[in-house]
Number of protein chains: 4
Amino acid sequence: MTEHEHEPPPGYEDDKAAYLKRLRRVEGQVRGIARMVEEDKYCIDVLTQISAVTKALQAVGLGLLDDHMAHCVVDAARTSPEAGAEKVAEASAAIARLVRS
Amino acid sequence: MTEHEHEPPPGYEDDKAAYLKRLRRVEGQVRGIARMVEEDKYCIDVLTQISAVTKALQAVGLGLLDDHMAHCVVDAARTSPEAGAEKVAEASAAIARLVRS
Amino acid sequence: MTEHEHEPPPGYEDDKAAYLKRLRRVEGQVRGIARMVEEDKYCIDVLTQISAVTKALQAVGLGLLDDHMAHCVVDAARTSPEAGAEKVAEASAAIARLVRS
Amino acid sequence: MTEHEHEPPPGYEDDKAAYLKRLRRVEGQVRGIARMVEEDKYCIDVLTQISAVTKALQAVGLGLLDDHMAHCVVDAARTSPEAGAEKVAEASAAIARLVRS
């Protein structure tokens, strides 16, 4: 991956194993919802699971965002006010997408 | 599954294949997010995917809820006002969980 | 208001006073947020209030929706399956707006 | 307000007039919702307004958050990594409240 050679590691580098574990669990939960639908489970029980998985995914998103700000945004700000402003604009757009999703 | 023998099919019965297809796609998307984390992809790009998957899951939830109300809630209401009230209370609780997730 | 003469009362009729009280409180909270901004209060404190007011508004929405389903949707379903289907489609669209807001 | 004498102005200082205008409009919209309830307007129409006001409030929150990060968080990061970390933790908690509301 040549394009990454000079790039810093992502902000979530230190928690990578934990994020992967959480995402595997979310993947299993989505598979479980499909199985519920296959077995004609009651609609409301399927919905309860969908809400739980949505929350779990959002929690992963909030964690990644916190790591991103603690590393990438702070580092950029310490490089120059302009670099900081650029990263903040990008983070704000991502936050707006999370809030609206 | 004896316990289901006398139960009516769930409200999503007619759209089951479509829901299963959408849930398989969501499962693949979650696996894709895990791969992005594994490959140290940029935090903001991972977050964009998380927002997209959250929306896709919520859309499945809204579809299931619509099917549930169109079938289970309407049928219960037609049986008796009390049966309708019971199903509405249950649906309202599920809606509150969706809105808050 | 001639146009309402033959219309049934809304589903929230019985809880009207309680809803009005809650909406007055929300109005006061929004005014309080404007005052915080006027007095240069700390951004994070303003945001905390915005989250609280958003939750209060959503709770009012969930309450109105529950009343609507318990009365209008159930009554329509008891009139005819077609009338029930129409009210359910309308309620589903409103729920989708709440979930996405 | 002695306690504020040595404090920097909030991050939204430059957009203060615009935020106040938007908050006044939200306040008027909430009053409009109360009037709709008073006049027995149709539940679904009231819900549509509630969704619109919730979105307007969230948009104000996202704007304030962007200003906060562009000023307070970047300035803190430029002072010291520790000061940056502290402001990021505080902002992350506020973002989590917004996403969950």
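Before going into details, it helps to say that this report is about the structure given with it. (Residues numbered from 1 in each chain as written. Chains lettered and ligands numbered in written order. Predicted model: local features only at pLDDT ≥ 70, side-chain atom pairs only at ≥ 80, totals over all residues.)

A look at the overall build of chain A
Across its full length, chain A holds three helices and zero strands. Secondary structure elements in chain A, listed N-terminal to C-terminal, are α-α-α. Viewed in the frame of its principal axes, chain A has a C-alpha envelope of about 55 × 30 × 20 Å. Here chain A, with 101 residues, has 43% of them falling under the buried criterion. Nonlocal contacts in chain A, meaning residues at least 24 apart in sequence, comprise 44% of its contacts between residues at least 6 apart. (Helix = DSSP H or I, 4+ residues; strand = E, 2+ residues; numbered from the N terminus. Buried ≥ 20, exposed ≤ 12 C-beta atoms within 10 Å, placed from the backbone. Contact = placed C-beta atoms within 7 Å.)

Here's the deal with the relation of the copies chain B and chain A
Mapping chain B onto chain A leaves a residual RMSD of 0.0 Å; the transformation is a rotation of 180° accompanied by 0.0 Å of translation along its axis. The operation mapping one copy onto its partner corresponds to a two-fold rotation axis. In this assembly, 100% of the residues forming the interface of chain B have copies in chain A that are likewise at the interface, indicating an isologous arrangement. (Least-squares fit on C-alpha atoms with pLDDT ≥ 70 in both.)

Let's talk about the relation of the copies chain C and chain B
Each copy of the sequence occupies a distinct position, and chain C is placed on chain B by a rotation of 180° and an axial shift of 0.0 Å, giving an RMSD of 0.0 Å. The residues that chain C uses at the interface reappear at the interface of chain B in 100% of cases, marking a shared surface.

Concerning the interface of chain B and chain A
Contacts between the two partners involve 45 residues from chain B and, on the opposite side, 45 residues from chain A. Elements supplying a minimum of two residues to the side of chain B that touches chain A: α1 (16-38), α2 (43-79) and α3 (81-100) of chain B. Top element by residues in the side of chain B that touches chain A is α2(B). It accounts for 19 residues. Among the residues making up the side of chain B that touches chain A, the classes are represented as 25 nonpolar, nine polar and eleven charged. (Nonpolar A, V, L, I, M, F, W, Y, C, P; charged D, E, K, R; others polar.)

Focus: the interface of chain C and chain B
The partner chain B presents 20 residues to the 20 residues of chain C that form the contact. Listed by contribution, the elements that provide at least two residues to the side of chain C that touches chain B are α2 (43-79) and α3 (81-100) of chain C. The residue makeup of the side of chain C that touches chain B, split by class, is 15 nonpolar, three polar and two charged.

Notes on the arrangement of the chains
There is a clear gap between chain A and chain C: no contact, and 6 Å between their nearest C-alpha atoms. One finds no contact between chain B and chain D; the C-alpha atoms of the two approach each other to within 6 Å at their closest.

As for unusual backbone geometry
With a phi angle near 60°, Asp40(A) is a residue other than glycine that sits in the positive phi range. Checked against the element boundaries, Asp40(A) lands in the loop between α1 (16-38) and α2 (43-79).

A word on α2(C)
Here α2(C) is 37 residues long and its end C-alpha atoms lie 52 Å apart, about the 54 Å a rise of 1.5 Å per residue gives. At Met69(C), α2(C) is deflected by roughly 35°, the largest bend along its length. (Expected span 1.5 Å × (residues − 1). Bend = angle between axes of the 7 residues up to and from the residue.)

Here's the deal with the environment of Gly63(A)
Within the element layout of this structure, Gly63(A) appears in helix α2. Residues Gly63(A) and Gln49(A) lie 14 residues apart in sequence; the distance between their C-alpha atoms is 21 Å.

What to know about the packing of helix α3 (residues 81-100) of chain A against helix α2 (residues 43-79) of chain D
In the contact formed by α3(A) and α2(D), the axes pass within 10 Å of each other and the chain directions differ by 150°. Classified by the angle between their axes, α3(A) and α2(D) sit roughly antiparallel to one another. In the packing of α3(A) onto α2(D), the handedness of the crossing is right-handed. Taken together, the residues of α2(D) that come into contact with α3(A) (itself represented by Pro81(A), Gly84(A), Ala85(A), Val88(A), Ala91(A), Ser92(A), Ile95(A), Ala96(A) and Val99(A)) are Gln58(D), Leu62(D), Leu65(D), Asp66(D), Met69(D), Ala70(D), Val74(D) and Ala77(D). (Axes fitted to C-alpha atoms, helices over the stretch in contact; angles between N-to-C directions. Parallel < 35°, antiparallel > 145°, perpendicular 65-115°, else oblique. Left-handed = near helix turned anticlockwise from the far one by under 90°.)

Some details on helix α3 (residues 81-100) of chain D
End to end, α3(D) covers 28 Å across 20 residues, agreeing with the expected 28 Å (1.5 Å per residue, within 8%). Of the positions making up α3(D), those classed as buried are Gly84(D), Lys87(D), Val88(D), Ala91(D), Ala94(D), Ile95(D), Leu98(D) and Val99(D). Along the long axis of α3(D), the arc covered by the buried residues comes to 135°, so they all point the same way. Of the exposed residues in α3(D), the ones pointing more than 90 degrees away from its buried face are Glu82(D) and Ala89(D). Where α3(D) is buried, its residues contact α2 and α3 of chain A, α2 of chain C together with α2 of chain D. (Arc of directions from axis to C-beta.)

Thoughts on the packing of helix α1 (residues 16-38) of chain C against helix α1 (residues 16-38) of chain D
At a closest axis distance of 9 Å, the pairing of α1(C) and α1(D) adopts a crossing angle of 170°. Comparing their axes, α1(D) and α1(C) come out roughly antiparallel. A breakdown of the residues in the contact of α1(C) with α1(D) according to their chemical character gives 16 nonpolar, no polar and ten charged.

As for the environment of Leu47(B)
Here Leu47(B) lies in helix α2. Once the C-alpha coordinates of Leu47(B) and Arg25(B) are considered, the two residues, 22 residues apart in sequence, prove to be 18 Å apart. Beyond its immediate sequence surroundings of up to four residues, Leu47(B) is in contact with Gly61(A), Leu64(A), Leu65(A), Ala94(A) and Leu98(A).

Considering the environment of Val37(C)
Along the chain, Val37(C) falls in helix α1. Among the residues examined, Val37(C) registers 22 C-beta atoms within 10 Å and is labelled buried. If we ignore the near neighbours within four places in the chain, the residues touching Val37(C) are Val46(C), Tyr12(D), Lys16(D), Tyr19(D), Leu20(D) and Leu23(D).

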